[in-house]
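# Fold and contact review
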Amino acid sequence: MSVFSIKKLASAAALAAATLLSGLGSQIALAAAPFAQTSAPGFYRLMVGEFEVTAINDGTVDFPVDQMLNQPEHKTHAALAHSFLEAPVETSINAFVINTGDKLILIDAGAGVFMGPTLGKLVANLQASGYEPEQIDDIYITHVHPDHIGGLVSENTLVFPNAVIHVDKKDADFWLNEDNLNNAPDKTPFLAAIAMLTPYQAAGKLAPFNQKTPLAPGIKAISASGHTVGHTVYEVESQGQKLWLIGDLVHVAAVQLEHPKVTTVLDTDQKKAAAEREKIFKQAAKEKVLVAAAHIQFPGLGHLRKKGHSYEWVPVNFTQLN
């Protein structure tokens, strides 16, 4: 076949294709893919020295921050608007896995079924990250609130059957106290504590600690009470690199970084909660410590930078581990 003939055939094929596409244009538009309505699995990894740290997202929840912060509502709305947000704010609940090479340690355990269907995704995202609940050796709880312990038990079964639960003794004693339960106007957090912790206690897997109790190698507890009586920050250190897991030292970054003295109605001791936030934030900024926060948008990992009497949040740079 001549070159001329080949060109004529190609031209005819192109014309036919164009005619077909033109005729099917409306049908092609109707065949657009449906909305996926899901994001990628909620996990993110980085290294702290020789330790591998995986942020695990338990989901997000609409947080009525204008009703929860101890400041005039108009100030809250103005601060949110400055960050292109409005109330309620869709807020992440994050947990973190520390793989030391010898142990697999989980910091906090998500909300489980306690706060609605948009949460309780911890196990699914843990599995998506390559881990199974049975592999977790230890769980360190920053404080005994439902969104940090709610994923420990499901349908009366230990979700992490081989794990030992570690929590500050002051928090365990407070939330598991029957008199406190009976006298509380809101019994939900007490009932959650009983439901989530007593099964591990019965199995000999609840290990309350005080400041003198040795923890796992590379893990240190820093008392930061105020939000609860035993609220704890955990320091993870490897090869001179540090990560501070700060729990609920901050709930609403858009407000409390700019105004660290603003507390929430959830804080047991308002004055102390604000003081602990300022102390930890100031030291983290000065020492350039990596910070992991339970309620800063996923993955909740970054650094704090001092700016006058305020702080700026600098998220971690995305890294692709090989």
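Note that the structure is a prediction, hence the values are computed from the model and not measured. (Residues numbered from 1 in each chain as written. Predicted model: local features only at pLDDT ≥ 70, side-chain atom pairs only at ≥ 80, totals over all residues. Heavy atoms only, no water.)

Counted according to the given criterion, the structure contains seven aromatic pairs. On the numbers, 4.9 Å between centres and 85 degrees between planes, the contact of Phe 174 with Trp 175 is edge-to-face. According to the relative accessible area criterion, Phe 174 is partly exposed, its value standing at 25%. The class of Trp 175 is buried, set by a relative accessible area of 6%. An aromatic cluster is built from Tyr 140, Phe 209 and Tyr 234, whose rings are joined through pairwise contacts. Cation over ring: Lys 306 sits above Tyr 311, and NZ or CZ is 4.9 Å from the ring centre. (Phe/Tyr/Trp six-rings, centres within 6.5 Å; stacked < 30°, edge-to-face > 60°. Buried < 20%, exposed > 50% of the residue type's maximum accessible area, 1.4 Å probe, protein only. Lys NZ or Arg CZ within 6 Å of the ring centre and 35° of its normal.)

To continue, consider a nonpolar patch on the surface. Nonpolar side chains collect at one region of the surface, where Val 113, Phe 114 and Met 115 lie side by side and expose about 280 Å² of accessible area between them. Summarising the element assignment, Met 115 is placed in the loop between strand 4 (104-107) and helix 5 (122-128). (Patch = residues over 30% accessible without salt bridge, like charges linked within 9 Å, V, L, I, M, F, W, Y side chains within 5 Å. Areas by Shrake-Rupley, 256 points an atom, 1.4 Å probe, with all protein chains shown as cover. Salt bridge = Lys/Arg side-chain N within 4 Å of Asp/Glu carboxyl O. Helix = DSSP H or I, 4+ residues; strand = E, 2+ residues; numbered from the N terminus.)

Turning our attention to helix 9 (residues 188-202). Compared with an ideal rise of 1.5 Å per residue, which puts 15 residues at 21 Å, helix 9 spans 21 Å between its outermost C-alpha atoms and is within 8% of the ideal. The largest bend in helix 9 comes to about 25 degrees, at Met 196, with the proline Pro 199 one to four residues further on. Buried residues of helix 9: Pro 189, Phe 190, Ala 192, Ala 193, Met 196, Leu 197 and Tyr 200, and no others. Immediately downstream of helix 9, the backbone of Gly 204 shows phi near 70 degrees, a positive value. (Expected span 1.5 Å × (residues − 1). Bend = angle between axes of the 7 residues up to and from the residue.)

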